[in-house]
Amino acid sequence: MLTRDVLADPVALTRALVDIQSVSGNEAEIADRVEEVLPTRLKIERFGNTIVARTELGRPQRVVLAGHLDTVPLHDNWPSTVDGNIMHGCGTSDMKSGTAIALHLAVTEAEPRHDVTYVFYDNEEVDSALNGLRILADSHPQLLTDASFAVLLEPTYGLVEAGCQGTLRVLARTSGKRAHSARSWLGDNAIHKAAPILSRLQQYRERLVTIDGCEFHEGLNAVRISGGVAGNVIPDECVVEVNFRFAPDRSEQDAADHVREVLDGFDVEVVDSAPGALPGLDVPSAREFLAATGQPPRAKLGWTDVARFATLGIPGLNFGPGDPNLAHKQDEHVEIDKIRESAAVVRRWLTG
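About the criteria used
Residues numbered from 1 in each chain as written. Predicted model: local features only at pLDDT ≥ 70, side-chain atom pairs only at ≥ 80, totals over all residues. Heavy atoms only, no water. Helix = DSSP H or I, 4+ residues; strand = E, 2+ residues; numbered from the N terminus. Buried < 20%, exposed > 50% of the residue type's maximum accessible area, 1.4 Å probe, protein only. Polar contact = N/O pair within 3.5 Å; in protein donor to acceptor, adjacent residues only side chain to side chain. Contact = heavy atoms within 4.5 Å. Pairing = 2+ DSSP bridges. Axes fitted to C-alpha atoms, helices over the stretch in contact; angles between N-to-C directions. Core = buried A, V, L, I, M, F, W, Y, C linked by side-chain atoms within 4.5 Å. Salt bridge = Lys/Arg side-chain N within 4 Å of Asp/Glu carboxyl O.

**Q** It is not clear to me how the side chain of serine 24 should be interpreted in this structure. Could you clarify?
**A** The residue serine 24 is located in the loop between α2 (10–18) and α3 (28–37) in this model. Serine 24 sits in the buried class, given a relative accessible area of 19%. Within the local environment of serine 24, its side chain forms a polar contact with the side chain of aspartate 70, the two groups lying 2.6 Å apart. Look past the residues within four positions of serine 24 in its chain and what remains in contact with it is Asp70, Thr71, Asn123, Glu125 and Val126.

Encoded structure:
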């Protein structure tokens, strides 16, 4: 139960949220519990299992605090357990400890110095088309676009990770001619013809890009390869799936053009793409947040929903108590001290 005592303590609230099973697609119960405890001083709207709660205090600036409600599938790691300073359980790091901080502040902080839009959304861990924040941005952008800054409470181990990389996936194909493997000279082996693709990727030198003091490390890698018909047939097609993680100074089109340049001469099809997000650390709210942490920022080496805010013209950063290296693991856990420290940072920023 999300009692008053639980809501007053971000650690107890983290455990209570973890103990509400909410694998992607099954967020109705946790969304119900969040909605019913939000105070009436907030303007609350619900869209499916995504909840938006807004202060209406007439402050000069509005900021967003956002966290997703869902987790990856359970793996013998639910419900939660506590061992000393460690809380174990599915979602402890990614990202119910961060979401708990947003809910804790929504309930307990009545007079923030900025107006705040709290967003608790579903289906972050699955296909982008189902993502509650994406659906909200597409259907009701006005609930977000009046904000000047956003904090996504993804796991960062209590450090500021600014912006995020973009991501692009392509399929690079080679074609050949089938033949019996006993008479291979009568065919044309498509798998063998993929060797130059792998060679170019192996020899590729990643670009390091520093933006607002944050170093983004690009990467271009084969992540899957498929081909072959049978054990006695020369294959007539091979497909190499390539993932490009690119710095946010590139657009999606620039990224696609770059991959096509690297793989020039091959049939390349873009099958998935998402833009990066610039750090945006020059806005006043970002500078205030960095001051509250007392830590220098670093680049987010991965893609997060800050990119969705960036497409709406809202700079944002990632900050949360969880360790991103523990996300989705069977032994996922969070340090209790990190929850308390991170909650204190966000409160300092909101209250000045």
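**Q** Sorry if this is basic, but what is going on with the sheet that holds strand β4 (residues 81–83) here?
**A** Whether parallel or antiparallel, the strands of a sheet pair through hydrogen bonds between backbone atoms. Ordered in space as β4-β5-β19, the three strands form an open sheet in which the pairing is antiparallel. The outermost strands of the open sheet, each flanked by one partner alone, are β4 and β19 (333–335). In this sheet, adjacent strand axes meet at a mean angle of 20° when their direction is disregarded. With three bridges joining them, strand β5 (residues 86–88) and β19 adopt antiparallel strand pairing. Paired with histidine 88 across the strands is histidine 333, a residue of β19. Each of β5 and β19 touches helix α4 (residues 92–108); the most contacted strand, β19, lies at about 50° to it.

**Q** Looking at this model, I keep getting lost on the nonpolar core. Mind explaining?
**A** General note: in soluble globular proteins, nonpolar side chains tend to be found buried as a group. In this structure, Leu65, Leu103, Tyr118 and Trp349 are the most contacted members of the largest nonpolar core, which totals 51 residues. When residues in this core are grouped by element, the largest group, seven residues, is from α4. The contact partners of leucine 65, leaving out residues within four places of it in the chain, are Ala102, Leu105, Val116, Thr117, Tyr118, Val119, Val151, Leu153, Val346, Trp349 and Leu350. One finds Ala172, Leu201, Val242 and Ala255 within the second-largest nonpolar core, a separate group that totals 21 residues.

**Q** Got a minute to help me understand unusual backbone geometry in this structure?
**A** Glycine aside, negative phi is the norm for most residues, and most peptide bonds take the trans geometry. Along the chain, tryptophan 78 connects to proline 79 via a cis peptide bond; the corresponding omega equals 0°. With respect to the helices and strands, proline 79 occurs in the loop between β3 (62–68) and β4. That bond from aspartate 94 to methionine 95 is cis: its omega, -10°, falls within 30 degrees of zero. Of note, methionine 95 is situated in helix α4. Despite not being glycine, aspartate 76 has its phi angle at roughly 55°, a positive value. When you line up the elements, aspartate 76 lands in the loop between β3 and β4. Located in the positive-phi region is histidine 328, a residue other than glycine, with phi close to 75°. Tracing the sequence through the fold places histidine 328 in the loop between β18 (316–318) and β19.

**Q** Hey, could you run me through the pattern of salt bridges in this one?
**A** Opposite charge on two side chains lets them pair, provided their charged atoms get close. This structure, assessed with the given rule, holds 25 salt bridges. Two residues, arginine 46 and glutamate 35, come together in a salt bridge whose shortest N-O distance is 2.8 Å. Of the two residues, arginine 46 sits in strand β1 (residues 43–47) while glutamate 35 sits in helix α3, which places them 11 residues apart along the sequence. Where aspartate 305 meets arginine 308, a salt bridge forms, and the shortest distance between an N and an O atom there is 2.5 Å. For the pair formed by aspartate 305 and arginine 308, the shared burial category is buried. Overlapping salt bridges bring together Arg54, Glu56, Arg62 and Asp146 as one network.

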